[in-house]
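In case you want the letters, here they are:
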Amino acid sequence: MPVRVAIVEDDAGLRESLVIILSTSEDFRCVGVFASGEEALTGIPPLRPEVVLMDIKLPGISGIECVARLKRRLPELSVVMLTVFEDSDKLFSALKAGADGYLVKSTPAEELLVALREVLNGGAPLSSHIARKVVQSFHQVAAVPETQRLTDREQDILGRLAQGYLIKEIADQLGLSLETVRTHMKHIYEKLHVNSRTQAVLKYLGR
């Protein structure tokens with residue numbers, strides 16, 4: 001039995017192209033085409049497709065909101081976002097809403113069909129550019145928890161450094177010797193894997 005696929009896309013030309021792509025494979029069958037999120041919310045549940053190809057920028061409610069609402073009604077439904085947007089905010093908003101994959105609209109037809117098969121097998125297909133953004137984002141986030149290795153005193157000192165205080169001022173504020181503060185800073189640098197005050201502050205701020 002061919003996999004039942006629905007399309008939510010406001011561009012008529014692209015909708016037609018997607019229908020043609022699906023018709024070239026015996027594995028898939030387009031069971032519904034919708035030009036807006038509102039139409040999709042009404043028309044998709046009765047059709048019970050297994051996969052939905054969803055645009056993000058739609059007239060009325062966004063594709064992201066449409067995904068969230070569909071997932072509440074059809075938890076088993078797989079949704080692959082098909083969009084021109086490659087920015088991280090929309091990517092993660094879509095994934096949080098319940099999207100199972102995220103492809104750019106320039107994805108070649110054969111790769112699109114492969115991605116549909118992948119999502120049905122439990123995968124999470126991402127266009128190569130999108131995958132790199134995910135990896136980069138996790139690298140950035142992974143750096144932040146290093147500050148949790150700092151002692152309360154070290155975090156206090158680093159926080160004051162981030163506020164722009166000089167080492168001598170911090171020593172006076174905390175009633176410590178200059179050498180003690182410098183020793184704390186050495187430990188901070190070691191734990192955060194940095195070599196300067198600026199790098200330490202940037203990591204403390206999560207940048």
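Above this text sits the structure in question.
Figured I'd write up the structure that's included with this text. (Residues numbered from 1 in each chain as written. Predicted model: local features only at pLDDT ≥ 70, side-chain atom pairs only at ≥ 80, totals over all residues. Heavy atoms only, no water.)

**Observations regarding the side chain of Asp-55**
Stated formally: Helix and strand assignments follow DSSP, with helices taken as H or I runs no shorter than four residues and strands as E runs no shorter than two, numbered in order from the N terminus. Polar contact is defined as a pair of N or O atoms within 3.5 Å, subject to the rule that within protein one atom must be able to donate a hydrogen and the other to accept it, and that residues adjacent in sequence are counted only when both atoms are side-chain atoms. What makes two residues a contact is simply this: any of their non-hydrogen atoms within 4.5 Å.
With respect to the helices and strands, Asp-55 occurs in the loop between β3 (51-54) and α3 (63-73). Side chain to side chain, Asp-55 and Lys-105 meet in a polar contact 3.2 Å long. Setting aside residues no more than four positions away along its own chain, Asp-55 makes contact with Val-8, Glu-9, Asp-10, Gly-63, Met-81, Leu-82, Thr-83 and Lys-105.

**Some details on the sheet that holds strand β5 (residues 101-104)**
Rule in force here: Pairing between strands is defined by DSSP: at least two bridges between them are needed. All axes here are fitted lines through C-alpha atoms, helices being fitted over the stretch that makes contact, and every angle between N-to-C directions spans 0 to 180 degrees.
With parallel pairing, the five strands of this open sheet are ordered in space as β2-β1-β3-β4-β5. Whereas interior strands pair on both sides, the edge strands pair on one side only; in this sheet they are β2 (28-34) and β5. Put simply, the sheet's adjacent strands are angled 25° from each other on average, direction ignored. Of the strand pairs in this sheet, strand β4 (residues 78-83) and β5 are connected by four bridges, and their pairing is parallel.

**Regarding the pattern of salt bridges**
Note the cut-off: By definition here, a salt bridge exists when the distance from a side-chain nitrogen of Lys or Arg to a carboxyl oxygen of Asp or Glu is within 4 Å. Throughout this description, buried means an accessible area under 20% of the type-specific maximum (1.4 Å probe, protein chains only), exposed means over 50%, and partly exposed covers the range between.
In the structure shown here, the tally under the stated rule is nine salt bridges. A salt bridge links Lys-168 to Asp-172, with the nearest nitrogen and oxygen atoms 3.3 Å apart. Taken together, the residues span about one helical turn, with Lys-168 and Asp-172 both in helix α8 (residues 167-174) at a distance of four residues. Neither Lys-168 nor Asp-172 differs from the other in exposure class; each is exposed. Through salt bridges with shared partners, a single ionic network connects Glu-9, Asp-55 and Lys-105.

**With respect to the nonpolar core**
The line we're drawing: We call a set of buried residues a nonpolar core when its members are Ala, Val, Leu, Ile, Met, Phe, Trp, Tyr or Cys and they connect through side-chain atoms within 4.5 Å of each other.
With 25 residues, the main nonpolar core has Val-8, Ile-44, Val-52, Met-54 and Met-81 as its most contacted residues. Of all the secondary-structure elements, those providing two or more residues to this core are β1 (3-8), α2 (37-47), β3, α3, β4 and α4 (88-97). If you tally residues by element for this core, the top one is α3, at five residues. Apart from residues lying up to four places away in sequence, Met-81 is in contact with Met-54, Asp-55, Ile-56, Gly-63, Ile-64, Val-67, Ala-94, Ala-99, Gly-101, Tyr-102 and Leu-103. The next biggest cluster of nonpolar side chains, apart from the first, holds 18 residues, and it includes Ile-7, Leu-53, Leu-82 and Leu-112.

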